[in-house]
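Observations on the model geometry
Spelled out, the chains give:
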Amino acid sequence: MLLLLGLCLGLPLCAGSQDRLAPALELEEARRWDDTLEQVGRRVPRQVRLLQRLKTKPLMTEFSVKSTIISRYAFTTVSCRMLNRASEDQEVEFQMQIPAAAFITNFTMLIGDKVYHGEITEKEKKGGDRVKEERNKTTEDNREKGTETFRASLVIPSKDKAVFLLSYEELLQRRLGKYEHIISVRPQQLVGRLTVEVNILEKSGIASLEVLPLHNSRQKGTGRGEDDSGAPPSTVINQNETSAKVIFKPGVIQQARIAQNGVLGDFIIRYDVNREQSIGDIQVLNGYFVHYFAPKDLPPLPKNVVFVLDSSASMVGTKLRQTKDALFTILHDLRPQDRFSIIGFSNRIKVWKDHLVSVTPDNIRDGKVYIHHMSPTGGTDINGALQRGIRLLNNYVAHNDIEDRSVSLIIFLTDGKPTVGETHTIKILDNTKEAARSKICIFTIGIGNDVDFRLLEKLSLENCGLTRRVHEEEDARSQLIGFYDEIRTPLLSDIRIDYPPSLVEHVTKTLFPNYFNGSEIIIAGKLVNRKMDQLHVEVIASNSKKFVILKTDVPVEPQKVGNDVTGSSRPKGDGKEDPNHIERLWSYLTMKELLSSWLQSDNEQEKERLRQKAQALAVNYHFLTPFTSMKLKKSAIQTERLEDNYGTSAAIGPETVMQSLQGADMQPGPALKRPYNPRIKISKTSADGDPHFVVDFPLSHLTVCFNIDGQPGDILRLVSDHRDSGVTVNGELIGAPAPPNGHKKQRTYFRTITILVNKPERSYLEITPNRVILDGGDRLVLPCNQSVVVGSQGLEVSVSANANVTVTIQGTIAFVILIHLYKKPAPYQRNHLGFYISNSKGLSSNCHGLLGQFLNQDANLTEEPARLSKNLTDLPLPQADERSETVLKVKGHRVPVVWKQRKIYNGEEEIDCWFAKNNAAKLIDGEYNDYLASHPFDTETTFGLGIPRGL
């Protein structure tokens, strides 16, 4: 099998240690085989015709993209299925353009019955034993253009199938009052099933939404829409106040009308959200917060702007003509309170006016005349032009008594590299930074393919600006005007946003030089106290003639994972669940700031510190960055009908498909011939439903039950045996309103069961109704809608599709987690889990927890007058006129109980039990709060080595 993976991102990839690949050798052999066939064909013309028929191009049977955008943070998963119809093995390439600002989080390939998944690891400084990579030489061009092209190639065996799965994440930036989400639809051929689905969920409400015509200017193709305006044909939009679903599903005929070569173009969605509070929108989820700040209805700040334009010989023709046209429009857009000047540069610096002038009709006319007469000649003195522009602005501010506060900007445009004067990049950057002194923001524009875009990028980064690249084949005029429109209206300067340092930590950048109308400032961080009910926020900034100070206590309404905020982004029962999008957003912003700081730093020790910090964060959150690489590992997982299981269902995230398949060091479990019977008979000892707890005492033939009324978000300790067997089980609660005529105000259910196994090796299990995450060194995500068995180091996890998950540890401990799903849930219903202990032989006598404390214990009943039978079902029921009390004795406790019937096993079996009232206050050791864990994998216990407290 040939496996070539060429990522245009420059990713080192490696195969699993048990299946080393030699792609170059196999590729050469394949080519020699093709040459042999062609030689035979020349001798036998009929064979040539036969080979031509058989050697058909691999067919793409499905191309699907699904994006879920939650509060501006987008999760995108791409699924592509290929079929080799030929009678010989064939090479196929998968490619996908993704936004340059996005981070790839996973890549997985399925070839026949073999599975290869990508693992994000630290990038080695020196090349190791890795698979040979193919680099795309145009990567930098694509990146500067706003995209990266991901490429992967492999050989598909004859008559076999392959599936490619790619996931990436990005934070949408607000520009010109809109968020823009772009999905590349370029499958390179007509596809039988082509689907693009975008789900948008915005808590503050969707103010506007539009789907643009397919856009195909990024690369040459035959894409042409049937209409010049409006959404592409076959697009369906469903929208309400806070959510929207957009589906683009063209048939083959419709695709052919757009582009017969399969290059349909970019599917673009633009939208904006409602904004009410001037101080912004703060959202909280599971200990993380995000603050969106985008004030409106403020008077604009005056601008002091110098246009620095390249007029060297390389600007001849279209580039200079479109630049001039754009500047004519921009000059007319200046406001009366603005000041401006113009500099043209080649090997000489030509200044229109040696001072900034006011915006008057005469000055605008003279400026246009000066620009019109610019002619391309000479070299490129970038350093001299920047120094002259900065000097103009500094002189104006120093020698004029400016009554209004203003912002000073340089708009710098060039198409080349420095060739005259100072040509060393580092020196140019140092000179510019020293002259600007953080008081002047530099916005750079690079035109054409020969520009030193890295220099322009660093100039903007180090001087509070932005950078754009315009390619020669594109409409430079409209792009220049669009870029200027983003910065044409500064509303605030010197912005500082403060939060109480005792309440927040690890906060992203809080100081911003300017805020432009139509943009947005985003800050994220962690809350020190998850249960806080409000957060004090102060915003200090300058606006025109005054300082703006905003202070307020923002109510914090914690959202819990699984509530309607995240759940409504897709139909229920699709087998997937949203991650903590605010935590992902925080990690994304933090990573971007670390990369930016690393790029700007000239200190080697500081750069290394930033590199290590960024690398650790990227590995933890599975981000592919310049400091991480993606290794390709062969999985040992075995499933039935693999090609069917990972088709469209693989693209229904928003989560990264992540490591949805097993790592190479995991040992395969037994092949799953038939799914486990969901009605498996197990111990009665369980916590299920609201939650209702049941404890079975087999020696005494007694069953005891009790309820725990917790709060949504509480994490309960169910089994705590970390010190002995190394096993800990915790369960996190989710809330739901009570059904009509219910006696409770709310109900709680288990939304997550977490299991920590510490022996012989540490493994983490997180189980939800939709997926199982197993992290034992290699991260593995198993959907609960597919039956599968995996095992490693004495740990076995068995998933019976949409029924239950069985976890077996060392053959002596077994837990069964029942999955409760609702096809059409009522408002008071929630998908949830039930926890059952099937085998507890391996747990120690020191085991504790709400259930664990009763394992390996005995109990008995007494009654006044005593009429006790060994068989529970033979016990006489208390009569109405009797005042005797039945008392349960267990672990030294004397607990009044009453007889009750309770349903378990998803309601399939009804049992008799003795019920302990009042939240089991007298039955369990200690109090309810003693069983609250601080996090899902918390192993601490209030009760030491299982010694009951309060006896």
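As a starting point, this report considers the structure included with it. Note that the structure is a prediction, hence the values are computed from the model and not measured.

**Description of the overall build of the protein**
- Each helix and strand counted, the protein has 14 helices and 50 strands in total.
- Burial statistics for the protein: of 951 residues in total, 55% are counted as buried.
- Long-range contacts, defined here as pairs at least 24 residues apart, represent 71% of the contacts in the protein between residues at least 6 apart.
- Accessible surface for the protein amounts to roughly 41,000 Å². Of this, 48% is attributable to carbon and sulfur atoms.

**Some thoughts on the packing of helix H7 (residues 382-399) against helix H8 (residues 425-436)**
- In contact at an axis separation of 10 Å, H7 and H8 are set at 0° when each is read in the N-to-C sense. The angle between the axes of H7 and H8 places the two elements in the roughly parallel class. Facing Ile382, Asn383, Leu386, Gln387, Ile390 and Asn394 of H7, the residues of H8 in contact are Ile428, Asn431, Thr432, Ala435 and Ala436.
- Partitioning the contact of H7 with H8 into residue classes produces 6 nonpolar, 5 polar and no charged.

**Quick look at the state of the cysteines**
- Within this structure, the stated rule accounts for 2 disulfides.
- Here Cys441 connects covalently by a disulfide to Cys464, the sulfurs 2.0 Å from one another. Residues Cys441 and Cys464 are joined by a disulfide whose S-S torsion is about -105°; by sign, that bridge is left-handed. Of this pair, Cys441 sits in strand S23 (residues 440-447) while Cys464 sits in the loop between helix H9 (453-462) and strand S24 (467-470), and the two are 23 residues apart along the sequence.
- Across a sulfur-sulfur distance of 2.2 Å, Cys705 and Cys913 are joined as a disulfide pair.

**Points about helix H12 (residues 581-600)**
- Between its terminal C-alpha atoms H12 stretches 29 Å, which fits the 28 Å expected from 20 residues at 1.5 Å a residue.
- The N-cap residue of H12 is Asn580: its side-chain oxygen and the backbone nitrogen of Ile582 are 3.2 Å apart.

**With respect to the packing of aromatic side chains**
- One pass over the structure, following the stated rule, counts 26 aromatic pairs.
- Between Phe94 and Phe164, the ring centres sit 5.1 Å apart and the planes meet at 10°, which makes this aromatic pair stacked. Taken as a pair, Phe94 in strand S4 (residues 90-99) and Phe164 in strand S8 (residues 161-171) lie far apart in primary sequence, 70 residues in all. Phe164 shares its class with Phe94; the two are buried.
- Seen from their ring centres, Trp586 and Tyr621 are 6.2 Å apart, and the 70° between their planes marks the pair as edge-to-face. Separated by 35 residues along the polypeptide, Trp586 in helix H12 and Tyr621 in helix H13 (residues 604-621) bring together distant segments of the chain.
- For Trp586, a relative accessible area of 7% translates into the label buried.
- Three or more aromatic residues link up through ring pairs in this structure, and these residues are Tyr73, Phe75, Phe103, Tyr288, Trp586, Tyr588, Tyr621 and Phe623.
- Directly above the ring of Tyr292 sits Arg72, whose terminal nitrogen or CZ lies 3.7 Å from the centroid.
- A cation sits over an aromatic face here: Lys607 above Trp598, 4.0 Å from the ring centre.

**So, the sheet that holds strand S11 (residues 193-201)**
- The strand order S13-S14-S11-S2-S3-S8-S5-S6-S31 describes an open sheet built from 9 strands, whose pairing is mixed. Strands at the two margins of the open sheet, each flanked by one partner only, are strand S13 (235-239) and strand S31 (628-634). The sheet shows a mean angle of 15° between the axes of neighbouring strands, taken without regard to direction.
- Where strand S6 (residues 114-122) and S31 come together, 7 bridges link them in antiparallel fashion.

**Considerations on unusual backbone geometry**
- Of note, the amide linkage connecting Asp690 to Pro691 takes the cis form, showing an omega dihedral of -15°.
- Of note, His506 is a non-glycine position whose phi angle comes to about 50°, a positive value.
- Inspection of the secondary structure puts His506 in the loop between strand S26 (504-505) and strand S27 (511-516).
- The backbone phi angle of His622 is positive, close to 60°, even though this residue is not glycine.
- Summarising the element assignment, His622 is placed in the loop between H13 and S31.

**Points about the pairing of strand S15 (residues 265-273)**
- Most of S15 is tucked away: 8 of the 9 residues are buried.
- Where strand S10 (residues 178-185) lies against S15, 7 bridges are found, and the strand directions are antiparallel. Looking at the pairing, Glu180 lines up with Arg270 of S15.
- Direction of pairing for strand S12 (residues 206-211) relative to S15: antiparallel, over a ladder of 5 bridges. When the sheet's bridge partners are listed, Glu210 is paired in S15 with Arg270.

**With respect to the sheet that holds S12**
- Strand order in the open sheet formed by 4 strands is S9-S10-S15-S12, and the pairing between neighbours is antiparallel. Looking at the sheet topology across the chains shown, the edges are occupied by strand S9 (174-175) and S12.

**Side note on the pairing of strand S34 (residues 692-697)**
- Here 3 bridges tie strand S33 (residues 686-688) to S34, and the two strands are oriented antiparallel to one another. Of the residues in S34, the one forming a bridge with Ser686 is Val694.
- The hairpin formed by S33 and S34 contains 3 residues between the paired strands, and Gly689 there has a positive phi angle of roughly 70°.
- Summarising the sheet, S34 and strand S35 (residues 702-707) pair through 6 bridges and their orientation is antiparallel. When the bridges of S35 are listed, Val694 appears paired with Cys705.
- Hairpin connection from S34 to S35: 4 residues lie between these consecutive antiparallel strands, with His701 at a positive phi of about 55°.

**A closer look at the packing of helix H5 (residues 318-333) against helix H10 (residues 476-487)**
- Across the interface, H5 lies against H10 with an axial gap of 8 Å and an inter-helix angle of 35°. In this structure, H5 crosses over H10, and the sense of that crossing is right-handed. Listed contacts from H10 to Gln322, Thr323, Asp325, Ala326, Thr329, Ile330 and Asp333 of H5 are Ala476, Arg477, Leu480, Ile481 and Tyr484.
- Partitioned by chemical class, the residues of the contact of H5 with H10 number 6 nonpolar, 3 polar and 3 charged.

**Some remarks on the pattern of salt bridges**
- Per the counting criterion, the structure on display carries 29 salt bridges.
- Measuring nitrogen to oxygen at the nearest pair gives 3.1 Å for the salt bridge that ties Asp362 to Arg365. Of this pair, Asp362 and Arg365 both sit in helix H6 (residues 361-372), 3 residues apart, roughly one helical turn.
- The exposure class of Arg365 is partly exposed, given its relative accessible area of 48%.
- The residue Glu732 makes a salt bridge to Arg751 at a minimum N-O spacing of 3.6 Å.

**Focus: the environment of Thr360**
- Structurally, Thr360 can be placed in the loop between strand S21 (357-358) and H6.
- Its relative accessible area of 29% is what places Thr360 among the partly exposed residues.
- Thr360 sits 26 residues away from Leu334 along the chain, and the two C-alpha atoms are 9.5 Å apart.
- From its side chain, Thr360 meets the backbone nitrogen of Asn363 in a polar contact 3.2 Å long.

Parameters and conventions
Residues numbered from 1 in each chain as written. Predicted model: local features only at pLDDT ≥ 70, side-chain atom pairs only at ≥ 80, totals over all residues. Heavy atoms only, no water. Helix = DSSP H or I, 4+ residues; strand = E, 2+ residues; numbered from the N terminus. Buried < 20%, exposed > 50% of the residue type's maximum accessible area, 1.4 Å probe, protein only. Contact = heavy atoms within 4.5 Å. Areas by Shrake-Rupley, 256 points an atom, 1.4 Å probe, with all protein chains shown as cover. Axes fitted to C-alpha atoms, helices over the stretch in contact; angles between N-to-C directions. Parallel < 35°, antiparallel > 145°, perpendicular 65-115°, else oblique. Nonpolar A, V, L, I, M, F, W, Y, C, P; charged D, E, K, R; others polar. Disulfide = S-S within 2.5 Å. Expected span 1.5 Å × (residues − 1). Polar contact = N/O pair within 3.5 Å; in protein donor to acceptor, adjacent residues only side chain to side chain. Phe/Tyr/Trp six-rings, centres within 6.5 Å; stacked < 30°, edge-to-face > 60°. Lys NZ or Arg CZ within 6 Å of the ring centre and 35° of its normal. Pairing = 2+ DSSP bridges. Left-handed = near helix turned anticlockwise from the far one by under 90°. Salt bridge = Lys/Arg side-chain N within 4 Å of Asp/Glu carboxyl O.

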